[in-house]
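Structural characterization, general
What follows is each chain in one-letter form.
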Amino acid sequence: MPSVWGYARVSREDQNLALQLDALEAAGVTSANVVEERESGVRQRPGFDALLKRLQPGDSLVAWKVDRLGRDALAALTIARDLDARGVRIIITTLGVDSSTAAGRMVFGVLAQLAEFERATLIERTNAGLAAARKRGTHLGRHFRLTPHQQREARRMRSDEGKTYAQIAALFRVSRSVAVAACNHRRSCSQTERTPARIS
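Because the structure is a prediction, the values reported are computed rather than measured.

The subject of this paragraph is the packing of aromatic side chains. Evaluated as defined, the whole model comprises one aromatic pair. One residue, Lys-65, lies across the ring of Trp-64, its end atom 4.6 Å from the ring centre. Cation over ring: Arg-158 sits above Tyr-165, and NZ or CZ is 4.1 Å from the ring centre.

So, in C-alpha cells, the structure goes:
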C-alpha cells in the first residue's frame, strides 16, 4: 500500500516547525509519517537520509519548500531525479508542485536549469576571485599563521618540553591544525627532537 511521507526541517533549534507541520497536515500527511529534523550547525541529515531509503515505488514525499530537499538547486534536483526514477511522487506544498503532473515536471525542469546556472556562476566567481588574488600577488597555497620565530618556538616546545599539539595551540592561540603544521614545517617533529631549533 503506497504511503505518504512528510519531511520538515529547520536549521536552528530555536526555529519553529509549526508552519511546515501545518502544511504537511493540510496535504494529508499523518503525524506518524512526518520526519522532523532540527540542525545545529551540522550539515548531516540522518533523518532525511533514512527517509529516502524507506521510500518505496508509489509512495509520496511531501515537503514545504524545494529547499527542504537539498541545500541548493543542484542537490534538490539530484534527489528529485533519484526519487522520480524510483517511482516516488514529490509534492511541494508552497508551490502546489506535484512531480506526477506535467506542470510539476516542468517546474523541476526549470529547477534543473537553475541548478546548471548556479553551478556555472559559482565556477565563474571562483575563477575570477583566484585571478584577482594572483594579480594582487596573494599567495594561494597553504600558509602558516605563525611567524618563523613562533614556528621554531613551537618545535622547541614540542621536542624539548614534550608539550602536546593542543597545549602549543592554546599558548599561541591558534587551532591545533596550525600547531601541527608549525611543528612539522620543513622538518618532522622527530627530526626536531634530534636537532632542536635555535631561538633567535
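Bringing a nonpolar patch on the surface into the picture now. Taken together, the side chains of Leu-95, Met-106, Val-107, Val-110 and Leu-114 make up a nonpolar region of the molecular surface, amounting to roughly 450 Å² of accessible area. You can see Leu-95 is positioned in the loop between β4 (89–92) and β5 (97–98). The exposure class assigned to Leu-95 is exposed, which follows from its relative accessible area of 52%.

Take the side chain of Asn-33 next. Take Asn-33: it is sitting in the loop between α1 (18–26) and β2 (34–38). Here the side chain of Asn-33 touches Val-4 through a polar contact of 3.1 Å, landing on its backbone oxygen.

Within this structure, the stated rule accounts for six salt bridges. Salt-bridge contacts for Arg-156 lead to Glu-153; the nearest nitrogen and oxygen are separated by 2.7 Å. Separated by three residues within a single helix, Arg-156 and Glu-153 lie in helix α5 (residues 148–160), roughly one turn from each other. Both residues of the pair, Arg-156 and Glu-153, count as buried.

Here the focus is the pairing of strand β1 (residues 4–10). Most of β1 is tucked away: six of the seven residues are buried. Examined bridge by bridge, β1 and strand β3 (residues 60–63) share four bridges and lie parallel to one another. Considered in β3, the bridge of Val-4 is made with Ser-60. Pairing between β1 and β2: five bridges, direction parallel. When the bridges of β2 are listed, Gly-6 appears paired with Val-34.

Parameters at a glance
- Residues numbered from 1 in each chain as written.
- Predicted model: local features only at pLDDT ≥ 70, side-chain atom pairs only at ≥ 80, totals over all residues.
- Heavy atoms only, no water.
- Phe/Tyr/Trp six-rings, centres within 6.5 Å; stacked < 30°, edge-to-face > 60°.
- Lys NZ or Arg CZ within 6 Å of the ring centre and 35° of its normal.
- Patch = residues over 30% accessible without salt bridge, like charges linked within 9 Å, V, L, I, M, F, W, Y side chains within 5 Å.
- Areas by Shrake-Rupley, 256 points an atom, 1.4 Å probe, with all protein chains shown as cover.
- Salt bridge = Lys/Arg side-chain N within 4 Å of Asp/Glu carboxyl O.
- Helix = DSSP H or I, 4+ residues; strand = E, 2+ residues; numbered from the N terminus.
- Buried < 20%, exposed > 50% of the residue type's maximum accessible area, 1.4 Å probe, protein only.
- Polar contact = N/O pair within 3.5 Å; in protein donor to acceptor, adjacent residues only side chain to side chain.
- Pairing = 2+ DSSP bridges.

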